[in-house]
Amino acid sequence: MLLRHGDTGYRVESLQRDLVRAGHSLDVDGWYGDETEAAVRVVQRQYDLVIDGLAGPKTREALHRGKPDPLALRQIDLVLAAEVLGVELAAIMAVNEIESRGRGFHPSGEPVILFERHIMRRRLIHHGIDPVPWQRRQPDIVNDKPGGYVGGIREHRRLDRAHAIHPASAWESASWGAFQIMGFHWQTLDYESAEAFVIAMQRDEAAQLDAFVRFIAADRGLHAALRRRDWRDFARRYNGPAFAKNDYDTKLAAAYRRHSRDLEIAA
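Bear in mind the structure is a predicted one, so any value in this text is a computation, not a measurement.

### Things to note about the layout of surface pockets
Then, in step 1: Here the largest pocket defines a volume of roughly 740 Å³.
Then, in step 2: Surrounding the largest pocket, 24 residues form its lining, Arg 101, Ser 175, Gln 180, Tyr 238 and Asn 239 being those nearest its centre.
Then, in step 3: If you list the elements that add at least two residues to the lining of the largest pocket, you get helix H5 (89-99), helix H6 (117-126), strand E3 (181-182), helix H13 (231-239) and helix H14 (248-266).
Then, in step 4: For the lining of the largest pocket, the leading source of residues is H13, giving 3 residues.

As structure tokens, this is what we get:
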């Protein structure tokens with residue numbers, strides 16, 4: 001669970017106790033105020049994480065382990081992404097906060113994925129394979145309609161079954177990593193192959209961010225929307241028609257304002 005400024009309750013108390021044990025001086029009062037956020041930022045800087053003042057799983061795990069996660073996204077990765085795309089750092093940080101899954105890997109080390117059975121059907125056709133026999137035998141893996149999701153690490157079991165049918169189609173039919181980039185984009189994003197894309201997604205969250213940067217750069221409309229901070233247009237292009245129902249545009253705008261303010265204060 002993500003904790004942020006203004007939150008209250010026992011989860012905040014638990015975070016504060018962890019911060020006190022790590023040597024930070026603050027009251028354990030269950031309120032995520034300025035002092036708690038400042039301590040979280042110190043921890044994030046100490047363990048080379050994204051410095052956003054939000055206490056998520058990676059910040060808590062770094063506190064417990066006493067060492068950084070080698071797979072985790074770093075602040076410098078976001079800085080470099082902003083430079084490559086020619087956009088404000090606050091804009092990239094807002095997208096990272098709202099549009100990513102928060103982490104690109106499961107605790108067991110596998111990248112976060114979501115397997116899409118309807119895309120598998122299309123990719124089989126693309127590769128010259130008749131999907132009908134497979135759809136009859138394994139409709140949860142090959143189908144003309146989306147669905148069949150099992151969520152979490154179990155999505156890898158579905159991917160494994162799809163891989164047994166046709167490896168490239170399987171890789172191309174999953175969204176990968178923190179930024180949910182679909183595998184079938186591999187060629188547009190200038191990877192050598194679907195397998196090369198997957199290998200990159202297995203490397204670390206910086207590599208997953210690189211795929212996101214390539215995805216933005218390859219779409220002129222999406223890139224322009226991010227550069228001018230048109231959050232409604234960006235959310236529509238990135239999330240599809242469901243963006244309004246989930247308030248992605250207003251969430252992005254709010255996150256951008258907060259990160260822009262915090263970066264200005266820190267400057």
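On we go.
### Some remarks on the sheet that holds strand E2 (residues 174-176)
Then, in step 1: One open sheet accounts for 3 strands, arranged E1-E2-E3; its pairing is antiparallel. With partners counted over all chains shown, the strands left at the sheet margins are strand E1 (113-115) and E3, one partner each.
Then, in step 2: The pairing of E2 with E3 spans 2 bridges and is classified as antiparallel. Bridging from a neighbouring strand, Trp 176 pairs with Ile 181 of E3.
Then, in step 3: Along the sheet, helix H8 (residues 155-165) makes contact with E1 and E2, crossing E1 at roughly 55°.

### Quick look at the packing of aromatic side chains
The way to describe two aromatic rings as a pair is by their centre distance and the angle between their planes.
Then, in step 1: Overall, the coordinates contain 7 aromatic pairs when judged by the stated rule.
Then, in step 2: Centre to centre, the rings of Trp 231 and Phe 234 are 6.1 Å apart; their planes meet at 80°, and the pair counts as edge-to-face. Placement of both Trp 231 and Phe 234 in helix H13 is noted, with a separation of 3 residues, approximately one turn of the helix. Like Phe 234, Trp 231 is buried.
Then, in step 3: An angle of 45° between the planes, with centres 5.9 Å apart, marks the rings of Trp 231 and Tyr 256 as tilted. In this pair, Trp 231 sits in helix H13 while Tyr 256 sits in helix H14, placing the two residues 25 residues apart along the sequence.
Then, in step 4: With a relative accessible area of 8%, Trp 231 lands in the buried category.
Then, in step 5: Residue Tyr 256 is classed as buried on the basis of its relative accessible area, which comes to 13%.
Then, in step 6: Site record: aromatic cluster; members linked through ring pairs are Phe 179, Phe 212, Phe 215, Trp 231, Phe 234, Tyr 238 and Tyr 256.

### A short note on a negative patch on the surface
Then, in step 1: Side chains of Asp 27, Asp 29, Asp 34 and Glu 35 sit close together on the surface and give a patch of like negative charge.
Then, in step 2: On the accessibility criterion, Asp 27 (55% relative accessible area) is exposed.

### Here we look at the pattern of salt bridges
Then, in step 1: Enumeration over the complete set of coordinates arrives at 24 salt bridges.
Then, in step 2: Residue Lys 58 is joined to Glu 205 by a salt bridge in which the shortest nitrogen-to-oxygen separation is 2.7 Å. Placement of Lys 58 in helix H3 (residues 57-65) and of Glu 205 in helix H11 (residues 205-218) is noted, with a sequence separation of 147 residues between them.
Then, in step 3: A relative accessible area of 4% places Glu 205 in the buried class.
Then, in step 4: Because the salt bridges share partners, they merge into one network encompassing Arg 4, Glu 37, Arg 41, Glu 97, Arg 258, Arg 261 and Asp 262.

### Considering helix H1 (residues 10-21)
Then, in step 1: Across its 12 residues, H1 extends 16 Å between first and last C-alpha, which sits within 8% of the 16 Å expected from 1.5 Å per residue.
Then, in step 2: Within H1 the residues assigned to the buried category are Val 12, Leu 15, Gln 16, Asp 18 and Leu 19. Viewed along the axis of H1, the buried residues span an arc of 160°, placing them on a single side of the element. In this structure, H1 carries Tyr 10 and Arg 21 as exposed residues pointing more than 90 degrees from its buried face.
Then, in step 3: Buried residues belonging to H1 abut helix H2 (34-46) and H3.
Then, in step 4: Just past H1, the residue Gly 23 takes up positive phi, approximately 105°.

Definitions and limits used
- Residues numbered from 1 in each chain as written.
- Predicted model: local features only at pLDDT ≥ 70, side-chain atom pairs only at ≥ 80, totals over all residues.
- Heavy atoms only, no water.
- 1 Å grid on protein atoms, 1.4 Å probe; cavity = no way out; pocket = protein on both sides within 12 Å on 5 of 7 lines; lining within 4 Å.
- Points joined across faces, edges and corners; volume = space filled by probe spheres on them.
- Helix = DSSP H or I, 4+ residues; strand = E, 2+ residues; numbered from the N terminus.
- Pairing = 2+ DSSP bridges.
- Contact = heavy atoms within 4.5 Å.
- Axes fitted to C-alpha atoms, helices over the stretch in contact; angles between N-to-C directions.
- Phe/Tyr/Trp six-rings, centres within 6.5 Å; stacked < 30°, edge-to-face > 60°.
- Buried < 20%, exposed > 50% of the residue type's maximum accessible area, 1.4 Å probe, protein only.
- Patch = residues over 30% accessible without salt bridge, like charges linked within 9 Å, V, L, I, M, F, W, Y side chains within 5 Å.
- Areas by Shrake-Rupley, 256 points an atom, 1.4 Å probe, with all protein chains shown as cover.
- Salt bridge = Lys/Arg side-chain N within 4 Å of Asp/Glu carboxyl O.
- Lys, Arg positive; Asp, Glu negative; His and termini not counted.
- Charge placed at Lys NZ, Arg CZ, Asp CG, Glu CD.
- Expected span 1.5 Å × (residues − 1).
- Arc of directions from axis to C-beta.

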